[in-house]
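The chain contents come next:
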Amino acid sequence: MGGLAYPRIPAYLTNQLVKNMKQTTPARTQTERADHTRARILDAAIREFSDNGLAGARTEQIAEAAGVNKALLYYYFAGNEALYKAALESAAHGVMADNMAVLEAHASAGEKFLQSALNHFDRVHTNRGFQSLMQQEMVRLHRGEANALTQLVETVFRPLTLKMNEVITEGIASGELIDVDPAQIRYAAMGANVFYFLSAPMMKMIQGSDPMSHDALQHFRTAAITYLGLTIFVD
């Protein structure tokens, strides 16, 4: 019996079709598109809230920066306060993930702590959005006003502090780090970083040079690690 005759496809064309099929990128699913849109809104919200605060932030600016309309913004977030809390949580959880990755790395306890101190310095310098949001929340906390820190303490800051204490305690037990209260080691590193940036405007007036210049930042970053290496390590 005769069958239908199909035209023979040249080998080079077959190979090209296979190659093209491999290069085809699957379309995003609806969930992936929604997650991407939500992430864009949160990124824009972090910038707007960090620059203008909760009271001064404008949803129009956030929607425009995220490339969405206000209706879609309110589809994802009920209002300004809900968006603000979500933005702060997003920034805080990103910081926690970065720090946990360092503190859980395959290295000695002292090495992990030093890298965490360096990451903290770099974050304070580069992640201005998160720093600004945290400063706003600390002001509300000191004033006794409603703030978004209570929930973040349980989900971010307490677990991160406990993990850092665990690493420092491990270093003390192994004889790598000096035997002092782990909190003192934390403050020696993180406190120095924070004070450097808080005092930068005043120090610029006193010294006549800019602590925020590239050379000054590199110098302090190196000096901070040298100092910790000489003070918190046994050898």
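Residues numbered from 1 in each chain as written. Predicted model: local features only at pLDDT ≥ 70, side-chain atom pairs only at ≥ 80, totals over all residues. Heavy atoms only, no water.

Novice: Describe the packing of helix α2 (residues 30-56) against helix α7 (residues 128-143), with residues and values.
Specialist: The contact between α2 and α7 brings their axes to 8 Å, and the two run at 40 degrees. The two elements α2 and α7 meet at a crossing, and its hand is left-handed. Here α2 contributes Ile46, Phe49, Ser50, Gly53 and Leu54 to the contact with α7, which in turn contributes Gly129, Ser132, Leu133, Gln136 and Arg140. Along the lines of polarity and charge, the residues of the contact of α2 with α7 split into 4 nonpolar, 5 polar and 1 charged. (Axes fitted to C-alpha atoms, helices over the stretch in contact; angles between N-to-C directions. Helix = DSSP H or I, 4+ residues; strand = E, 2+ residues; numbered from the N terminus. Left-handed = near helix turned anticlockwise from the far one by under 90°. Contact = heavy atoms within 4.5 Å. Nonpolar A, V, L, I, M, F, W, Y, C, P; charged D, E, K, R; others polar.)

Novice: Which residues make up helix α6 (residues 109-126), and what values do they have?
Specialist: With 18 residues, α6 should cover 26 Å at 1.5 Å per step; its first-to-last C-alpha distance of 25 Å lies within 8% of that length. Elements in contact with the buried residues of α6: α5 (80-103), α7, α8 (149-173), α9 (182-198) and α11 (214-231). (Expected span 1.5 Å × (residues − 1).)

Novice: Explain the environment of Asp43 to me, using residue names and the numbers behind them.
Specialist: In this structure, Asp43 sits in helix α2. Asp43 sits in the partly exposed class, given a relative accessible area of 43%. (Buried < 20%, exposed > 50% of the residue type's maximum accessible area, 1.4 Å probe, protein only.)

Novice: Explain the nonpolar core to me, and be specific about the residues and the numbers.
Specialist: Counting 47 residues, the largest nonpolar core has Ile41, Phe49, Ile62, Leu83, Phe113, Ile168 and Ile232 as the members making the most contacts within it. Looking at this core, the elements with two or more residues in it are α2, α3 (59-66), α5, α6, α7, α8 and α9. With 11 residues, the top contributor of residues to this core is α5. Beyond its immediate stretch of four places on either side in the chain, Ile41 contacts Ile62, Ala66, Val68, Leu73, Tyr76, Phe77 and Leu83. (Core = buried A, V, L, I, M, F, W, Y, C linked by side-chain atoms within 4.5 Å.)

Novice: Which residues make up the side chain of Lys112, and what values do they have?
Specialist: You can see Lys112 is positioned in helix α6. Not counting the four nearest positions on each side in its chain, Lys112 is found in contact with Val102, Leu103, Glu104, Ala105, Ala107, Val167 and Glu170.

Novice: Let's hear about the layout of surface pockets: which residues, and what values?
Specialist: Empty space within the largest pocket amounts to approximately 1,100 Å³. Around the largest pocket sit 30 residues that line it, and His120, Arg123, Gln131, Met134 and Val194 are the ones nearest its centre. Those elements giving two or more residues to the lining of the largest pocket turn out to be α5, α6, α7, α8 and α9. Residues belonging to the lining of the largest pocket are distributed by class as follows: 19 nonpolar, 7 polar and 4 charged. (1 Å grid on protein atoms, 1.4 Å probe; cavity = no way out; pocket = protein on both sides within 12 Å on 5 of 7 lines; lining within 4 Å. Points joined across faces, edges and corners; volume = space filled by probe spheres on them.)

Novice: So what's going on with the side chain of Arg123? Residues and values would help.
Specialist: Note on placement: Arg123 falls in helix α6. Asp98 is the oppositely charged side chain nearest to the buried, salt-bridge-free Arg123, at an N-O distance of 7.4 Å. Each residue touching Arg123, except ones within four places of it in the same chain, is listed here: Val95, Asn99, Phe130 and Gln131. (Lys, Arg positive; Asp, Glu negative; His and termini not counted. Salt bridge = Lys/Arg side-chain N within 4 Å of Asp/Glu carboxyl O.)

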